Amino acid sequence: MTRSNRRKFLALAVIGVMTAACSRVEPSENLMDISECDPETARFTLEIDNPFLPLPVGRQLVLEGRSFFFKDELVRITVLDEVETVAGVQTRVVEEYEEEDGRVVEVSRNFFAQTSGGTVCYFGEEVDDYDSEGNVVSHSGGWRAGGANLPGIFMPGDLAVGQAFQQEVAPGIAEDQAKVIALGEVAEVPAGTFEDTATLLDQNPLEGGQDEKVYAAGVGLIVDASVRLTSAT
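What you see is a predicted model, and the numbers here were worked out from it, not measured in a lab. (Residues numbered from 1 in each chain as written. Predicted model: local features only at pLDDT ≥ 70, side-chain atom pairs only at ≥ 80, totals over all residues. Heavy atoms only, no water.)

### A few points about the overall build of the protein chain
Next, step 1: In terms of helices and strands, the protein chain carries one helix and 20 strands.
Next, step 2: Summarising the internal contacts of the protein chain: among those between residues at least 6 apart in sequence, 52% fall at separations of at least 24.
Next, step 3: Only carbon and sulfur atoms are counted for the fraction: they give 49% of the accessible area of the protein chain, which is about 10,200 Å². (Helix = DSSP H or I, 4+ residues; strand = E, 2+ residues; numbered from the N terminus. Contact = heavy atoms within 4.5 Å. Areas by Shrake-Rupley, 256 points an atom, 1.4 Å probe, with all protein chains shown as cover.)

### Quick notes on the pattern of salt bridges
Next, step 1: With the rule as written, the count across this model stands at seven salt bridges.
Next, step 2: Residue R66 pairs with D72 through a salt bridge whose shortest N-O separation is 2.7 Å.
Next, step 3: Relative accessible area serves as the criterion here: at 43%, D72 is assigned to the partly exposed category.
Next, step 4: Among the ionic pairs, R109 bridges to E126, the shortest N-O distance being 3.4 Å. In this pair, R109 sits in strand β7 (residues 103-115) while E126 sits in strand β8 (residues 120-130), placing the two residues 17 residues apart along the sequence.
Next, step 5: Its relative accessible area of 23% is what places R109 among the partly exposed residues.
Next, step 6: Overlapping salt bridges bring together E82, E84, R109, E126 and R144 as one network. (Salt bridge = Lys/Arg side-chain N within 4 Å of Asp/Glu carboxyl O. Buried < 20%, exposed > 50% of the residue type's maximum accessible area, 1.4 Å probe, protein only.)

### With respect to the packing of aromatic side chains
Next, step 1: The tally for this structure, following the rule as stated, stands at five aromatic pairs.
Next, step 2: For the pair F112 and F154, a centre-to-centre distance of 5.2 Å together with 85° between the ring planes defines the contact as edge-to-face. With a gap of 42 residues between them, F112 in strand β7 and F154 in strand β11 (residues 150-155) connect regions that are remote in the sequence.
Next, step 3: F112 sits in the buried class, given a relative accessible area of 0%.
Next, step 4: The class for F154 is buried, based on a relative accessible area of 2%.
Next, step 5: Ring centres 5.7 Å apart and planes at 90° place the aromatic pair Y122 and W143 in the edge-to-face group. Of this pair, Y122 sits in strand β8 while W143 sits in strand β10 (residues 143-144), and the two are 21 residues apart along the sequence. W143 carries the same exposure label as Y122, and that label is buried.
Next, step 6: An aromatic cluster is present here, built from F112, Y122, W143 and F154 joined pairwise through their rings.
Next, step 7: In this arrangement the basic side chain of R76 is found over the ring face of Y97, its NZ or CZ atom lying 4.3 Å from the centre. (Phe/Tyr/Trp six-rings, centres within 6.5 Å; stacked < 30°, edge-to-face > 60°. Lys NZ or Arg CZ within 6 Å of the ring centre and 35° of its normal.)

Shape descriptors only; they carry no functional weight alone.
Listed below in structure tokens is the structure:
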């Protein structure tokens, strides 16, 4: 459920140039309290049914598009029937597979759990980056909650325009934030038209730049920068 570090860097570079010529939304200083995701005090479940980020086992989303650099992109998100214990909490494993021009560039395993209040917390990811020959060459951006790394809020239980929250809390490695900038806008993608949506602006304090994502109620991610939902199983 996170963007490829490579895709994110390229998209942010372009968006950074574009936003320099128009208004820019700065990272919020009034971030939500992430203690809701505290492994020591919160109650968690593997039954993730947040309206805008439902993660039932077997759910698969496929998003496709053409990048800012004219590469055909495919992102496949699959909720696995696997559980990983992170920071003492059982988390659901979600695989994100990414291709560019028909070759794999990254596969990540992301760890999620939901609080009793409906907030989806993000406990980190394992990352495999591939070269043009299909070999794993790095694990850049990988992190797990524990020690200085804390679980972040990936999707609040109750959304409101203006909310801002830390999705990744791994100092110096992954520090993405998100801000809710619209609710209820109509979104048309190859998979259909969706009216009950949430638009989030991802912001990366480490690299700068922004990345817009749209989530649809009952489905999940339908727009991620240059890719759009083509099928949902």
